[in-house]
Each structure stands twice: as C-alpha cells, then as structure tokens.
Amino acid sequence: MHGTPHIVSDVMTHTVAAIDRRTTFKEIVRLMQDRKVSALPVLEGEGRVVGIVSEADLLPKEEFRDSDPDRYTQLRRLTDLAKAGALTAEELMTSPAFTTRPNTTLAQAARTMARARIKRLPVVDEQDMLKGIVSRADLLKVFLRDDEEIAEEVRREVVAHLLPPPGSAIRVDVHDGVLKLVGRVRDTALIPVAARLVRAVEGVVDTDFELTGHGDPCDSTALRAAEPRPEGIRRSAPDAR
C-alpha cells in the first residue's frame, strides 16, 4: 500500500455484484458462491441501493426448515421466520441498508459498522447510486503501512510541529506498527496532545512514550502515565451478519 488511505474511496471495491428486488433465493445463493461474497446490494432503477441481502438473511430458511417453533420463538423472531418463507430479494433484504459515502473517513466507516454490527457497507453517492462496497477487511488495510512510512509521517506531522528542536529532542521508532517516542520535551504538558495525534496516524497499532522534560529525572514512568488510552471497550454479542 502506497501512502495513507484516508477515505473510503481509497480502499473500497469498485466492481460490485448486485441484485434487484425480483432475484430469487436460489439465484442469490448461486451468485454469492460464484462471486465469493457474503452479501449483495439490492438495486432498483439505474442503480439506487434500496437494501442488502446477506448470508444472515438466508440462514433462517435452513434453520427453520424442519422445525416447528414454539409460541415464544415465533414472537421473539418474527423477522427471521418471515425470511424463512421468503422467495425473493425484496422479501429477504434488510432495508434501508446502512451505507456510506466515498469521502467518508475510514474511522467513521468503522464506527458505523461497529454500531450496526455489520461487516460491509455499500458505498453510494448523493443520489444513493451504488459506487462500490467497503468491508471490514478493506478498513484493516491501513495496518499494512510500512513502519518507516508511519515514522516519517509522525516526524513530519507531529514532532516537527508540536515538539520541534531545539526545544525538544525526539527519536521516532516504529516496529510492527508499534510506535515509540524517546527523548526530552520542552513542555511535558504537550505529551498528552502528542499522544492523541500519534494515535490518529493510520497504521499505528500502539504507542510507547519514553519522554522527559528538561531538568526532569531520567525516570519517565510518570510521563508515560500521561499518555491517554482509549476508553474501555465493552465486548458485544457476535455479529449476526
């Protein structure tokens, strides 16, 4: 990967298999198998996205094929039971589909996927016309950035502006995406700011700060504690889609 992909259009798949409302259940399964995809946007007209059919939408037909669900299951899973009897994309699809725009940042797209518990997003323009699709795997491509490329961006965009010499003397090292800043700074109050900026650099897996202020003891343990960490992330239920 060359350079930093900042927006969805940099990583999305441009050629997308899609279906219309009338596509039959069996045709959907066959297309998924042939194209090796787990979801298909549903289009109408000249290509406007009106929904999406995923493997999760197809599974109820097999799950309930030879079962007689009790009253509690019927009430709790009305949508799945309806999809178990569906024959076309219109009956199967999730609508409206969660979508994103080509100029959406990768972080914004990742947050949408996480909150909606989905694995991919159709990419649409202002008229909801399909332009591509972006998956979790596409968003993770940023972590393939070369270590030296990450280090150079931090030197240029963070250190040179926030902690420039001669007031500060900083060494930037990156190994397997883990970025380390070592040295002395003119103002230790800038360390939390630097930490936030460094964590925002795409491709950074983690950070390690060994920074001291001029005249401070060599022990930098207290300053490491100033580095902000992401707030705790609660484990959610596995994705259904």
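Before reading further, recall that the structure is shown in the block above.
My aim in this report is to walk through the structure given alongside it, one point at a time. Numbering of residues starts from 1 in every chain and runs along the sequence as written. Local features in this predicted model are restricted to residues whose pLDDT is 70 or higher, and side-chain atom pairs enter the listing and the counts only when it is 80 or higher, whereas totals over whole chains, interfaces and linings include all residues. Side-chain measures here rest on the full set of heavy atoms in the structure, leaving out hydrogens and waters.

Right, let's talk about the side chain of Asp57 for a bit. Only DSSP runs of H or I covering at least 4 residues are called helices, and only runs of E covering at least 2 are called strands; the numbering of each starts at the N terminus. Looking at the element boundaries, Asp57 is found in helix H2 (residues 55–63). Under the relative-accessibility criterion, Asp57 is labelled buried at 1%. Side chain to side chain, Asp57 and Thr94 meet in a polar contact 3.4 Å long. Per-residue accessibility, obtained with a 1.4 Å probe over protein chains only, is compared with the maximum for each type, and a residue is labelled buried under 20%, exposed over 50%, and partly exposed between these values. Polar contacts here mean pairs of N or O atoms no more than 3.5 Å apart (in protein, one a potential hydrogen donor and the other a potential acceptor; neighbouring residues in sequence count only if both atoms are side-chain atoms).

Burial along strand S6 (residues 169–175) is one-sided: Ile170, Val172 and Val174 are buried, while Ala169, Arg171, Asp173 and His175, pointing the other way, are not. Here S6 folds back onto strand S7 (residues 178–185), and the loop between the two strands holds 2 residues, one of which, Asp176, carries a positive phi near 55 degrees. One requirement defines pairing of two strands: DSSP has to find at least two bridges between them.

A few words on the nonpolar core. Nonpolar side chains in soluble globular proteins generally cluster together in the buried interior. Note on terminology: a nonpolar core comprises buried Ala, Val, Leu, Ile, Met, Phe, Trp, Tyr and Cys residues joined through side-chain atoms within 4.5 Å. In terms of nonpolar packing, the biggest core is built from 22 residues, with Val154, Ile170, Val172, Leu179, Leu181 and Phe209 touching the most fellow members. Within the residue set of this core, elements represented by two or more residues are helix H8 (147–162), S6, S7, helix H9 (191–199) and strand S8 (206–213). Membership of the second largest hydrophobic core comes to 14 residues, among which are Ala17, Met32, Val42 and Ala89.

Quick look at the sheet that holds S8 now. Taken together, 3 strands build an open sheet; the order of strands is S6-S7-S8 and the sheet is mixed. Because the sheet does not close on itself, it has two edges, and the strands there are S6 and S8. In this sheet, adjacent strand axes meet at a mean angle of 10 degrees when their direction is disregarded. In the sheet, S7 pairs with S8 via 8 bridges, with the strands oriented parallel. Bridging across to S8, Leu181 finds its partner in Phe209. Seen against the sheet, H8 touches S6 and S7 and runs at an angle of roughly 150 degrees to S6. Each of S7 and S8 is contacted by H9, which is oriented at about 155 degrees to S8, the strand it contacts most. Axis definition: a line fitted to C-alpha atoms, limited for helices to the stretch in contact. Angles are taken between N-to-C directions and run from 0 to 180 degrees. Here, two residues are considered to be in contact whenever any of their heavy atoms come within 4.5 Å of each other.

Let us now look at the pattern of salt bridges. We count a salt bridge whenever a side-chain nitrogen from Lys or Arg sits within 4 Å of a carboxyl oxygen from Asp or Glu. Inspection of the entire model under this criterion finds 15 salt bridges. Glu44 is the salt-bridge partner of Arg48, the closest N and O atoms lying 2.1 Å from each other. The partly exposed category is assigned to Arg48, whose relative accessible area is 34%. In this structure, a network of salt bridges that share partners links the residues Arg21, Glu44, Arg48 and Glu90.

On to H2. Inspection of H2 places Ala56, Asp57, Leu58 and Pro60 among the buried residues, and these make up the whole buried set. Lining the buried residues of H2 we find helix H1 (25–35), strand S3 (48–54), helix H4 (78–84) and helix H5 (89–92).

What follows covers the sheet that holds strand S2 (residues 39–44). Pairing in this open sheet of 3 strands is mixed, and the strands run S1-S2-S3 from one edge to the other. Strand pairing shows two members of the sheet lacking a second neighbour, strand S1 (19–20) and S3, which therefore form its edges. Pairing between S2 and S3: 6 bridges, direction antiparallel. The partner of Leu40 across the bridge, within S3, is Val53. Where H1 meets the sheet, its contacts fall on S1, S2 and S3, and the angle it forms with S2 comes to roughly 125 degrees.

Counting through the fold element by element, Val205 comes out in the loop between H9 and S8. When the C-alpha atoms of Val205 and Phe143 are compared, they prove to be 7.4 Å apart, with 62 residues separating the residues in sequence. For Val205, the residues in contact, after removing those within four places along its chain, are Phe143, Asp176, Gly177 and Val178.

Glancing now at the packing of H8 against H9. Running from N to C, H8 and H9 point in directions that differ by 165 degrees, and their axes come no closer than 10 Å. Compared by their axis directions, H8 and H9 come out roughly antiparallel. As for the relative orientation of H8 and H9, their crossing is right-handed in sense. Contacts from Val154, Val158 and Leu162 in H8 reach Val193, Ala194, Leu197 and Val198 in H9. Per-class residue counts for the contact of H8 with H9 are 7 nonpolar, no polar and no charged. Geometric relationships in this document are graded by angle, where less than 35 degrees denotes roughly parallel, more than 145 denotes roughly antiparallel, 65 to 115 denotes roughly perpendicular, and other angles denote oblique. Rotating anticlockwise by less than a right angle from the far helix to the near helix defines a left-handed crossing, while the corresponding clockwise rotation defines a right-handed one. Residues are grouped as follows: Ala, Val, Leu, Ile, Met, Phe, Trp, Tyr, Cys and Pro are nonpolar; Asp, Glu, Lys and Arg are charged; every other residue, Gly included, is polar.

Everything listed here is a matter of geometry and, on its own, says nothing about what the molecule does.
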